[in-house]
Amino acid sequence: MINTSFDSVNVKKTYHIIGNKIQIWFCISLSMSKNKKNSTIKSEQGRLFSVQNLLSLLLLVIVTSIAFSPSLSNQFTNWDDPTYVYENPMVMSEQTQWKQLFTEPVSLNYHPVTMLTLAWNYQRAEKADGKIDPYLFHLWNVVIHIFSVVLMFLFVFRLSRSNWFVSFFCAAIFALHPMHVESVSWISERKDVLYVLFFLLACITYLRFKEKESYVWLALTLLFFILSVLSKAVAVVLPVVLLLIDYYTARKIHLKQLLFKMPFFILSFYYGWKAYSIQSTEAIASSTSISLFQQFVFGSWGALMYIFKFFIPIKLSAFYPYPELVTSGNIPTEYYLGFIIWPLTAGAIYIGYRFYQPLLFGILFYFITIGLVLQFISVGSAIMADRYSYLPYLGLAYPIAHFLYDLYQKKATLKTPVYATTAAYFIFLSISTYARTQVWKDNISLWSDVINKYPTVEVAYKNRGNYYGKDLGKLDEAYKDYMVLKRMNSKDTKVYSNMGNVYGMRQQPDSAIWCYNKAIALDPNNEEAYINRGITYSMLKQFENAINDFNSAEKIKGLSLSILQNRAYTLLAAGRYSESAKDYQELIRLKPNDALTYYYSALAQEGSGNIALSKQHLQQAISLGYQVDEATRTRIIQK
């Protein structure tokens, strides 16, 4: 097993680097924030680009860069990265496919701006031996995250009326919390870092609009909102956040403010409905699988657990499975603890409204930004995900930062303990984040980490098994993972299809066919299972069964290159020369420079009696470099 524990050797190496930098800064901060007589220092306290603020931002950039530096050497994962990047024709095209990128959803999501940036990365990334270097993709994710850290500081500084401590605290939480590693270190989550970048820009320009009352700033806010929602649909909540900013900064909302936001709400409803329509086709769980009451339990549990992991970020995972129902069919008792969140929330809203406005802003910001992903409408097979905390944690950090600030303002003797405790917490977050980025190093470390924490997660065994078998050729390791899935009686059709591939590579055709049969029984439209079962039948010389499978695969998704290649060869082996020759003619059209295709086409044409075309294709195969045996050369050419 891969050791992904907190006390890894690599983490210890950077402990003093990160820790010392933060400690040095907090010493500087303490000295700068004392009540000095120097008027220059006093005059800088409320300035956005004061020395104190610039040093704070510099420190955040440095520490964030160090904490996420392992990401730059991480590989692609086989979790969505193929769909988003290295198997996506829109991204892999040499020229930017503007129309496709802005019209076609990817992985049941509509986020064209995100896909556009991935396409630009692909065009500029280094490629060798048919593989692409993931470095540039990771670099962009980290750089966008760092820019967002700066924007977070600037946004909170404006929102909190130039409060340095609150701004630094919130930006540091955003920058360094290990729950945010998934958003930054997973290439497919480019949509997360990108939508938050534009989201924060929209919030900043909106505050500027409120200060200057210039419609240029409002227009910029609308532009950034559109870019944000085209990066990830969850940005549709921005208009509600803007109303929250209105209330927090002025303690009331005017009709004029609502009218200003009508274009925002119209676009929000449009893109929200578009996203729901796309995801409802597959991603949203069937109402028969999870009841409405269970959805409410799971949503409540998620809302509570995100808060718990804000304070104690332990047992983080790339996948958090739904609980297994106990024998009575009911949800395990501990999940009902999630109901605690609602009286706590009601109490926090009451206290915030009556006595402490930062608490009201924070709790409402948290629920506005996380509400759509709390699994009240079940999407996917995970009960929660680290990436969903990326922006909402500002709502938790903001009132805490204000509380700490007010605490040491009221009692000066508490200033040093508050700073020291805060510094220690940020050091802990930095080290945890550094360790967590290494979990995303490759497929083995990622899925082994999930299995270590949640041994019943099928997708972890499936993806690790795929990587062992398909990418590394370690069939024994792949076989072990698939045997676990078999014992789990998995209902995932792709599990059995992939298991069949492993059996095939292990030269166990009967077991491979059993797996393909199981895959097709679970999903009669599993094109891949039909193709691979056809190949296996062909190897066993059961040609008619093989041809029937290739024809079935064609009926599902149309004629593909894989179907053509395998069916043409099988028809040739079965002695059905005319049909084989027809398939090879189509293959020649699709692959006009493939020597092997010309060679087999020559044999098919010979068998069907077309000697002239047989000679022509054999000569073409030879000219393309195919080594034709002397007997075949003599037999065809001399006819």
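Source: prediction; values computed, not measured.

Thresholds applied
Residues numbered from 1 in each chain as written. Predicted model: local features only at pLDDT ≥ 70, side-chain atom pairs only at ≥ 80, totals over all residues. Heavy atoms only, no water. Patch = residues over 30% accessible without salt bridge, like charges linked within 9 Å, V, L, I, M, F, W, Y side chains within 5 Å. Areas by Shrake-Rupley, 256 points an atom, 1.4 Å probe, with all protein chains shown as cover. Salt bridge = Lys/Arg side-chain N within 4 Å of Asp/Glu carboxyl O. Helix = DSSP H or I, 4+ residues; strand = E, 2+ residues; numbered from the N terminus. Expected span 1.5 Å × (residues − 1). Buried < 20%, exposed > 50% of the residue type's maximum accessible area, 1.4 Å probe, protein only. Polar contact = N/O pair within 3.5 Å; in protein donor to acceptor, adjacent residues only side chain to side chain. Phe/Tyr/Trp six-rings, centres within 6.5 Å; stacked < 30°, edge-to-face > 60°. Lys NZ or Arg CZ within 6 Å of the ring centre and 35° of its normal.

**Student:** Is there a simple way to explain a nonpolar patch on the surface in this structure?
**Tutor:** The grouping of Ile253, Leu255, Leu258, Leu259, Met262 and Ile266 at the surface amounts to a nonpolar patch, some 580 Å² of accessible area in total. Going through the elements one at a time, helix 14 (255–260) and helix 15 (262–279) are the ones with two or more residues in the nonpolar patch. No other element matches helix 14, which puts three residues into the nonpolar patch. Here Met262 is to be found in helix 15.

**Student:** Would you mind going over helix 24 (residues 493–505) with me for this structure?
**Tutor:** Each turn of an α-helix holds 3.6 residues, which means side chains three or four residues apart point in the same direction. The terminal C-alpha atoms of helix 24 lie 19 Å apart, and with 13 residues this matches the ideal 18 Å at 1.5 Å per residue to within 8%. Three or more residues of helix 24 are buried, namely Thr493, Val495, Tyr496, Ser497, Asn498, Met499, Gly500, Val502 and Tyr503. Where helix 24 starts, the residue carrying a side-chain oxygen 2.9 Å from the main-chain nitrogen of Lys494 turns out to be Asp492. Gln507, located one to two residues past helix 24, shows a positive phi value of around 60 degrees.

**Student:** Would you mind going over the environment of Leu108 with me for this structure?
**Tutor:** Within the secondary structure, Leu108 sits in the loop between helix 6 (98–101) and helix 7 (112–124). Taking C-alpha positions, Leu108 is 5.8 Å from Ile278, a pair spaced 170 residues apart along the chain.

**Student:** Even after reading the chapter, I still don't get the packing of aromatic side chains, so can you show me in this structure?
**Tutor:** Think of a pair of aromatic rings as described by two things: how far the centres are apart, and how the planes are tilted against each other in angle. Scanning the entire structure with this criterion turns up 53 aromatic pairs. Clustering of aromatic rings is evident, with ring pairs tying together Trp164, Phe165, Phe168, Phe169, Tyr405, Tyr408, Tyr419, Tyr425, Phe426 and Phe428. Sitting over the face of the ring of Trp514, Lys486 holds its NZ or CZ atom 4.7 Å from the ring centroid.

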